[in-house]
Amino acid sequence: MPTLIETPAWQALEAHHAKIKDAHLRELFAEDKNRAAKFTAEGAGLLLDYSKNRITEETLAFLIDLAKERKIAERRDAMFAGEKINVSENRAVLHVALRAPRGEVIETDGHDVVPDVHAVLDRMAAFADKVRSGEWKGHTGKRIKNVINIGIGGSYLGPEMAYLALRPYSDRDMTFRFVSNVDGACFDEATRDLDPEETLFVISSKTFTTLETMTTPRPRAPGPWTRSGPKDAVAKHFVAVSTNTEGVEKFGIDTANMFAFWDWVGGRYSMDSAIGLSTMIAIGPDNFRDLLAGFHEMDEHFRTAPPEKNLPMLMGLLTVWYNNFFGAQTLAVLPYSEHMKRFPAYLQQLQMESNGKHVDLAAAHVNYQTGPIIWGEPGTDGQHSFYQLIHQGTKLIPCDLIGFLTPLRPLGRHHDLLMANLFAQAEALAFGKTAAEPPSSPPAQTPYRVTEGNRPTNMILAERLDPKTLGRLVALYEHSVFTQGAVWDIDSFDQWGVELGKVLANRIIPELEAKDPPKLTHDSSTNALIERYRKHKLS
Ligand code: F6P
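Everything numeric here is computed off the predicted structure, so don't read it as measured data. (Residues numbered from 1 in each chain as written. Predicted model: local features only at pLDDT ≥ 70, side-chain atom pairs only at ≥ 80, totals over all residues. Heavy atoms only, no water.)

**Q** So what's going on with the environment of Asn-421? Which residues, and what values?
**A** If you trace the backbone, Asn-421 turns up in helix α17 (residues 414-431). Remark: the alpha-carbon pair of Asn-421 and Ser-492, spanning 71 residues in sequence, is separated by 35 Å. In this view, Asn-421 contacts Tyr-336, Thr-380 and Gln-383; residues no more than four positions away in its chain are not counted. (Helix = DSSP H or I, 4+ residues; strand = E, 2+ residues; numbered from the N terminus. Contact = heavy atoms within 4.5 Å.)

Structure representation (structure tokens):
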């Protein structure tokens, strides 16, 4: 079997890259008045203008050849069909089933999972309604006003990102907080101004073994937040979201108050499972169902649109183009929306935990680059911080710019100014400013002021930020990640690399907590750090 870089499609792309790598977007736009229309695709309610990328029609054809050669469509169909494409864990990858409409059939191991999904959604909806209406009360009879999701990684980033993105749709009389970090400050800051009797904890963990989540707080432990009180207090203030029923029981939460999901949902693909319980309580079951409908629209688009019109496939292939042929190390995601503040952080786990892999599906070390580093902040803030390096630095940083046509909170001219900045950045990054263009400057200063341009961007536009649009956007990136992973022939659904850090931390914890000096068998640096900490702690 030829490796990826030996395949005809890859080699064709390499030869093509050598030919066009210096072509400037200024020339490409000047040569073809129809370029914007040619390189704009619409699907599932989103518009993708990818014309400001360093590509020609030939590039696109070569990238689509690559997609065909890597059998992206077949791999996608295998995912939707419930095949065990997560080879290192021997699991199906069925987050698409989480948003399948009632009545659709998606099977894995001969079992249709869609009825299970809807049974949990119905229980979540009944519970969310009770909390939102005040019918569900704390153990002293007070109404629940605060919901705290305790979870980390995929059991945190999605719920927090979705809550912030959809805050205008949320019950503003309720407070939602997210505790993730094992740093006690995280729990303390999230809880210090809240009344325990009005607070519901949603303990979210796929495995119910994760150190951070298992540490804070345990029901019925002594302390202001978990006062050993009547058993009823636990039942009224703690619910669990997990795949691990036994773990939930052992933790002390009645499984009657548990919302399940399944091992075929990866943590970073779980915000639309029961992990979204806090989201559902915040925005209500109807809005949550709209969120799922948005995901499903994009799933259907990904499943059925031809490659040249398929938004996630195009974005995935463009990421490969820059990552592997231009040597770009990173991809910036820049949403022009305050509500989308945590979207880049959400995408960091989605993309980097999925595609940060160095062996292929056959367990051979890859001899090409895999997943890029994902980062970003909302515009316009980033413009006054790191955009300078994107405009005039020495590194090529492709950017995804995301905008919404309708403001959620119209306020004077604000939205026009926001959108003007969004469009202006894409223009400036692509075309720059030559020495000949105004405003002119003293000749000695000209080199400092020239902006080369030719910085590629994708422009993603949606009508407005609402639950449906958020679902579409998340699914767009999920399937772009899938496309990249399929090209690189890696398992985008495991995360073994994270394990080593967990194992070593568990070894060090008793060494920090032991009364007597432990026998330290680490390297000299780690031994010295542990000793320094112990000395300080015991002094
Ligand atoms: O950091 C690794 C990881 O396993 C993620 O994949 C996952 O989202 C996170 O930990 C939390 O895991 P859990 O939901 O099992 O607590």
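So much for the structure itself; the text now carries on.
**Q** Before we move on, can you summarise unusual backbone geometry with the specific residues and values?
**A** Residues Gly-379 and Thr-380 are joined by a peptide bond in cis, for which omega reads 10 degrees. Tracing the backbone through its elements, the reader meets Thr-380 in the loop between β11 (373-375) and α16 (387-392). The omega torsion of the bond from Pro-438 to Pro-439 falls at -5 degrees, within 30 degrees of zero and hence cis. Mapped onto the elements, Pro-439 comes out in the loop between α17 and α18 (446-449). Residue Ala-44 is not a glycine yet carries a positive backbone phi of 50 degrees. Summarising the element assignment, Ala-44 is placed in the loop between β1 (40-43) and β2 (46-49). Positive phi outside glycine occurs at Asp-489, with the angle close to 60 degrees. Along the chain, Asp-489 turns up in the loop between α19 (467-488) and α20 (497-513).

**Q** Tell me about the pairing of strand β6 (residues 175-179), and please be specific about residues and values.
**A** Here strand β5 (residues 146-150) runs beside β6; their pairing, made up of five bridges, is parallel. Paired with Ile-150 across the two strands is Val-179, which belongs to β6. (Pairing = 2+ DSSP bridges.)

**Q** Hey, could you go over the packing of aromatic side chains for me, with residue numbers and the actual values?
**A** Across all of its chains, the model carries 22 aromatic pairs by this definition. An angle of 45 degrees between the planes, with centres 6.4 Å apart, marks the rings of Trp-10 and Tyr-368 as tilted. On the criterion of sequence distance, the pair formed by Trp-10 in helix α1 (residues 8-20) and Tyr-368 in the loop between α15 (343-355) and β11 is long-range, its members being 358 residues apart. Taking the centre distance of 5.8 Å and the plane angle of 40 degrees together, the rings of Tyr-163 and Phe-178 count as tilted. With Tyr-163 in helix α7 (residues 157-165) and Phe-178 in strand β6, this residue pair connects regions lying 15 residues apart in the sequence. A single burial state applies to Tyr-163 and to Phe-178, both of which are buried. (Phe/Tyr/Trp six-rings, centres within 6.5 Å; stacked < 30°, edge-to-face > 60°. Buried < 20%, exposed > 50% of the residue type's maximum accessible area, 1.4 Å probe, protein only.)

**Q** Before we move on, could you go through helix α8 (residues 184-191) and cite the residues and values that matter?
**A** For an α-helix, the turn length of 3.6 residues means that residues three or four places apart are oriented alike. Of all the residues in α8, the buried ones are Cys-186, Phe-187, Ala-190 and Thr-191. Mapping the buried residues of α8 onto a view down its axis gives an arc of 110 degrees, with all of them on the same face. Contact partners of the buried residues in α8: β5, β6 and β7 (199-204). (Arc of directions from axis to C-beta.)

**Q** So, the site of the ligand: which residues are in play, and what are the values?
**A** The local shell around the ligand holds 14 residues, among which Ser-155, Ser-205, Thr-207, Thr-210 and Glu-353 are the closest. At a separation of 2.7 Å, an oxygen atom of the ligand approaches a polar backbone atom of Gly-154. Contact between the ligand and Gln-349: an oxygen atom at 3.1 Å from a side-chain N or O atom of the residue. In the complex, 89% of the free accessible area of the ligand, which totals 390 Å², lies under the protein chains. (Near = heavy atom within 4 Å. Polar contact = N/O pair within 3.5 Å; in protein donor to acceptor, adjacent residues only side chain to side chain. Areas by Shrake-Rupley, 256 points an atom, 1.4 Å probe, with all protein chains shown as cover.)

**Q** Can you break down the sheet that holds β2 residue by residue, with the values?
**A** Remark on secondary structure: sheet strands pair via backbone hydrogen bonds, oriented parallel or antiparallel. The six strands are arranged β1-β2-β13-β12-β10-β11 in an open sheet whose pairing can be described as mixed. Each edge of the open sheet is held by one strand with a lone partner, namely β1 and β11. Taking the axes of each pair of neighbouring strands and ignoring which way they run, one obtains an average angle of 15 degrees across the sheet. Examined bridge by bridge, strand β12 (residues 399-404) and strand β13 (residues 457-462) share six bridges and lie parallel to one another. Residue pairing for β13: Ile-402 is matched across the bridge by Ile-460. Sitting on the sheet, α15 touches β10 (330-335), β11 and β12, and the angle it makes with β11 is about 165 degrees. (Axes fitted to C-alpha atoms, helices over the stretch in contact; angles between N-to-C directions.)

**Q** I'd like to hear about the environment of Arg-26, residue by residue, with values.
**A** Of note, Arg-26 is situated in helix α2 (residues 25-31). Accessibility expressed as a relative area gives 31% for Arg-26, which makes it partly exposed. With residues near it in sequence (within four places) discarded, Arg-26 still touches Phe-431, Gly-432, Lys-433, Thr-434, Thr-451 and Glu-452. Side-chain polar atoms of Arg-26 contact the backbone oxygen of Phe-431, separated by 2.9 Å. Polar contacts involving the side chain of Arg-26 include one to the main-chain carbonyl oxygen of Glu-452, which spans 3.1 Å.

**Q** Can you lay out a nonpolar patch on the surface for me, pointing to particular residues and giving the numbers?
**A** Side chains of Leu-500, Val-503 and Leu-504 sit close together on the surface and give an oily, nonpolar patch of about 280 Å² of accessible area. Following the sequence through the fold, Leu-504 ends up in helix α20. (Patch = residues over 30% accessible without salt bridge, like charges linked within 9 Å, V, L, I, M, F, W, Y side chains within 5 Å. Salt bridge = Lys/Arg side-chain N within 4 Å of Asp/Glu carboxyl O.)

Read these as spatial facts, not as claims about activity.
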